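Next come the chains, spelled out residue by residue.
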Amino acid sequence: MKKKIVSMLLVTAMAVSMTACGSGDSDSGNDSGSGSGEESKSGGDSGSSGGSGDVAITIFNSKSEIQDQFEEMAEEYSEKTGVDVEVYYSSDTVAAHLATKYTGGDPYTLSMVDAKDVYSLAEEHAIDLSNEDWVKNTDYAISVNDKVVGFPVCIEARGIIYNAEAIEKVTGKEFKPEDYATTDAFEGLLEELVAGGMETPTAVMKEDWSLAGHFLSQVYEEQEDVEGYIKSLHEGKGDLANNEKWNSLMDTFDLLKKYNYAASSAIAAEREVSEQKLAEGEVAFMFGGNWDWAQINAYDYSEKMGMMPVPQNMKDDANTKLVGGGSKYFFIDSSENTSEAQQQAAKDFLNWLVSDADGNKFMTEKCNLVPAYKNIKADALDPLSVSVKKYADEGKLIDNYNYLPDDHYSVCGASFQKYLADQTDRAGLAAEVEKYWSSTTPVKH
């Protein structure tokens with residue numbers, strides 16, 4: 001069976017989806033561009049079904065960085081099982097893209113989406129997976145109305161990515177992330193790196209999904225009462241400018257901004273250039289997530305890299321944790337357009353990912369994903385994912401907030417970009433974020 005590479009045409013204009021993403025997503029932040037391509041398809045009729053050796057299923061993948069791996073896997077899985085598997089990817093917004101598919105009566109058998117998409121789609125479009133074997137092996141499955149409907153694909157987390165080799169080359173001593181948990185200590189290290197010859201030790205991604213979907217989101221996620229704080233912002237009572245977490249995180253962001261290699265043209269900085277400079281040790285730090293390894297490994301990278309919490313001058317333990325959790329979820333279509341045979345084939349595929357050695361290898365070695373399942377070993381993970389797994393195993397992950405409105409990263413991201421470009425100050429940015437929340441509708445959940 002030939003590989004299937006499909007770019008879907010978006011015909012319904014909807015708001016940009018966050019996660020995480022995310023992707024457009026916000027949790028992973030890798031597929032956040034919006035666009036459309038000419039629709040194309042190879043292979044048989046995706047709606048056909050038959051006996052165990054004559055079933056066709058379609059898979060929607062919303063993580064661009066693992067599309068090639070999914071295509072290769074689909075070919076091998078099809079040859080092994082006799083199930084015809086087609087893998088689709090779209091750079092369009094997840095929510096808008098799936099809405100188009102459902103409107104056209106042509107849903108995917110399996111859809112990989114963000115957590116909030118599961119909550120919004122599951123009741124109407126997802127089958128019950130509560131009795132599946134994999135459920136007992138994960139703490140990250142999503143349930144709606146007391147039914148398990150979301151299969152967690154992986155764990156992802158965000159924080160500060162570091163190149164320890166580059167740091168140690170300048171300082172002459174072992175780099176221990178825990179020694180730089182406060183903003184003050186982190187600033188001291190940056191000054192030491194500059195004094196030692198690394199003129200610009202940080203990189204800052206200018207993308208709206210990174211600034212608003214990831215960094216700004218952490219301000220909400222670290223609140224003692226996240227739901228209560230989001231509600232207060234919506235009601236115009238949040239007072240972001242005087243919020244302790246906001247100022248703590250922005251103090252650290254200001255350091256990243258100050259020592260940014262592209263400080264003079266921050267909005268023109270290309271993600272690929274930033275990733276390369278980090279990988280090869282020209283800079284030492286960049287805010288991001290373990291999904292960034294998909295970009296970093298394209299360069300002459302250092303093996304001695306990892307992730308650390310965002311430094312903060314706070315008395316709580318937020319500066320000892322990454323932000324993350326389950327990222328990307330599969331659900332199986334429940335509509336009359338998907339036959340029982342196709343639903344069973346989709347269930348078999350999910351169990352293959354969790355219970356079969358080849359399925360495990362596909363996720364951890366081919367896709368470099370941190371497994372969300374206790375039974376899966378992950379001995380071949382990349383350096384960033386090793387960090388994430390360590391924090392996850394130690395229970396040191398701050399939960400993602402999965403209910404940001406669809407336009408949060410595009411609207412607030414544009415405001416954050418103005419701040420990055422010195423076109424507004426911190427108070428101005430806070431005011432724009434407050435204005436956004438007071439004029440939007442929180443996501444029901």
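One numbering rule holds for all chains: residues counted from 1, following each sequence as written. Residue-level local features of this predicted model are given only where pLDDT is at least 70; pairs of side-chain atoms are given and counted only at 80 or more, and the full residue set underlies all totals for whole chains, interfaces and linings. Values shown for side chains rest on all heavy atoms present in the structure; no hydrogens or waters enter the calculation.

1. Here's the deal with the overall build of the protein
Consideration 1: Helix and strand assignments follow DSSP, with helices taken as H or I runs no shorter than four residues and strands as E runs no shorter than two, numbered in order from the N terminus. A tally of regular secondary structure across the protein gives 15 helices and ten strands.
Consideration 2: Going through the 445 residues of the protein one by one, you find that 58% of them count as buried.
Consideration 3: Of the roughly 17,800 Å² of accessible surface on the protein, a fraction of 44% belongs to carbon and sulfur atoms. Exposure is judged per residue with a 1.4 Å probe applied to protein chains only, and the accessible area is read against the type maximum: over 50% gives exposed, under 20% gives buried, and values in between give partly exposed. Accessible surface is estimated by sampling points in the Shrake-Rupley manner with a 1.4 Å probe; for residues, cover comes only from the protein chains shown.

2. What about the packing of aromatic side chains?
Consideration 1: The pairing test for Phe, Tyr and Trp rings, Trp by its six-membered ring, is centres within 6.5 Å, and the orientation test on the planes gives stacked under 30 degrees, edge-to-face over 60, and tilted for anything in between. Evaluation of the coordinates by the stated rule reveals 27 aromatic pairs.
Consideration 2: Between Phe60 and Tyr108 the ring centres are 5.2 Å apart and the planes differ by 15 degrees, which places this aromatic pair in the stacked class. Remark: Tyr108 occurs in the loop between α2 (94–103) and β3 (110–113) and Phe60 occurs in strand β1 (residues 55–61); sequence separation between them is 48 residues. Across the pair, Tyr108 and Phe60 agree in class, each one buried.
Consideration 3: Residues Phe253 and Tyr419 carry aromatic rings whose centres are separated by 6.3 Å and whose planes lie at 40 degrees to one another, so their mutual orientation is tilted. With Phe253 in helix α8 (residues 244–258) and Tyr419 in helix α14 (residues 408–420), the pair connects residues that are 166 residues apart, well separated along the chain.

3. A closer look at the environment of Asn247
Consideration 1: The topology assignment puts Asn247 in helix α8.
Consideration 2: A sequence separation of 179 residues divides Asn247 from Arg426, and the C-alpha atoms of the two residues are 8.9 Å apart.
Consideration 3: Contacts are residue-level and defined by heavy atoms, with any inter-residue pair within 4.5 Å sufficient. Among residues more than four places away in sequence, those in contact with Asn247 are Ala241, Asn242 and Arg426.

4. So, unusual backbone geometry
Consideration 1: Even without being glycine, Asp239 reaches a positive phi, approximately 45 degrees.
Consideration 2: Mapped onto the elements of the fold, Asp239 is located in the loop between α7 (226–234) and α8.
Consideration 3: Despite not being glycine, Asp422 has its phi angle at roughly 60 degrees, a positive value.
Consideration 4: Locating Asp422 in the fold gives a position in the loop between α14 and α15 (426–439).

5. Side note on helix α6 (residues 208–221)
Consideration 1: In a regular helix each residue adds 1.5 Å, so 14 residues correspond to 20 Å; α6 covers 18 Å between its end C-alpha atoms and thus fits that length.
Consideration 2: Burial runs high along α6: 13 of the 14 residues are buried. A helix is expected to reach a length of 1.5 Å times the quantity of its residues less one.

6. Quick word on helix α5 (residues 183–195)
Consideration 1: The terminal C-alpha atoms of α5 lie 18 Å apart, and with 13 residues this matches the ideal 18 Å at 1.5 Å per residue to within 8%.
Consideration 2: Considered for burial, the residues of α5 that qualify are Thr183, Phe186, Leu189, Leu190 and Leu193. Buried positions in α5, seen along its axis, are confined to an arc of 120 degrees and lie on one side of it. Turned more than 90 degrees from where α5 packs its buried face, Asp184 and Ala195 sit exposed.
Consideration 3: Looking at the packing, one finds that the buried side of α5 touches α4 (164–171), β6 (202–203), α8 and β7 (285–289).
Consideration 4: Among the residues trailing α5, Gly197 stands out with phi positive, at a value near 115 degrees. The arc refers to the directions leading from the helix axis to the C-beta atoms.

7. Considerations on the packing of α8 against α14
Packed helices, taken two at a time, are described by the angle between their axes plus the distance between the axes.
Consideration 1: It is the contact of α8 with α14, at a shortest axis distance of 11 Å, that shows an interaxial angle of 55 degrees. As far as their axial angle goes, α14 and α8 are oblique. On α14, the residues that touch Met250, Phe253, Asp254 and Lys257 of α8 are Phe416, Tyr419 and Leu420.
Consideration 2: Its residues assigned to classes, the contact of α8 with α14 comprises five nonpolar, no polar and two charged. Axis angles are defined between N-to-C directions and span 0 to 180 degrees, where every axis is a line fitted to C-alpha atoms and, for a helix, only to the segment in contact. In these notes the angle categories are as follows: under 35 degrees is roughly parallel, over 145 is roughly antiparallel, 65 to 115 is roughly perpendicular, and the rest is oblique. Gly counts as polar in this scheme, as do all residues outside two lists: the nonpolar Ala, Val, Leu, Ile, Met, Phe, Trp, Tyr, Cys and Pro, and the charged Asp, Glu, Lys and Arg.

8. What to know about the side chain of Glu207
Consideration 1: As for its placement among the helices and strands, Glu207 is situated in the loop between β6 and α6.
Consideration 2: In this structure Glu207 is buried but unpaired, with Lys206 as the nearest side chain of opposite charge at 4.6 Å.
Consideration 3: Setting aside anything within four residues of it in sequence, one finds Glu207 in contact with Arg271 and Gln417. Counting rule for charge: Lys and Arg are taken as positive, Asp and Glu as negative, and neither His nor the chain ends is counted. Each reported salt bridge corresponds to a side-chain nitrogen of Lys or Arg within 4 Å of a carboxyl oxygen of Asp or Glu.

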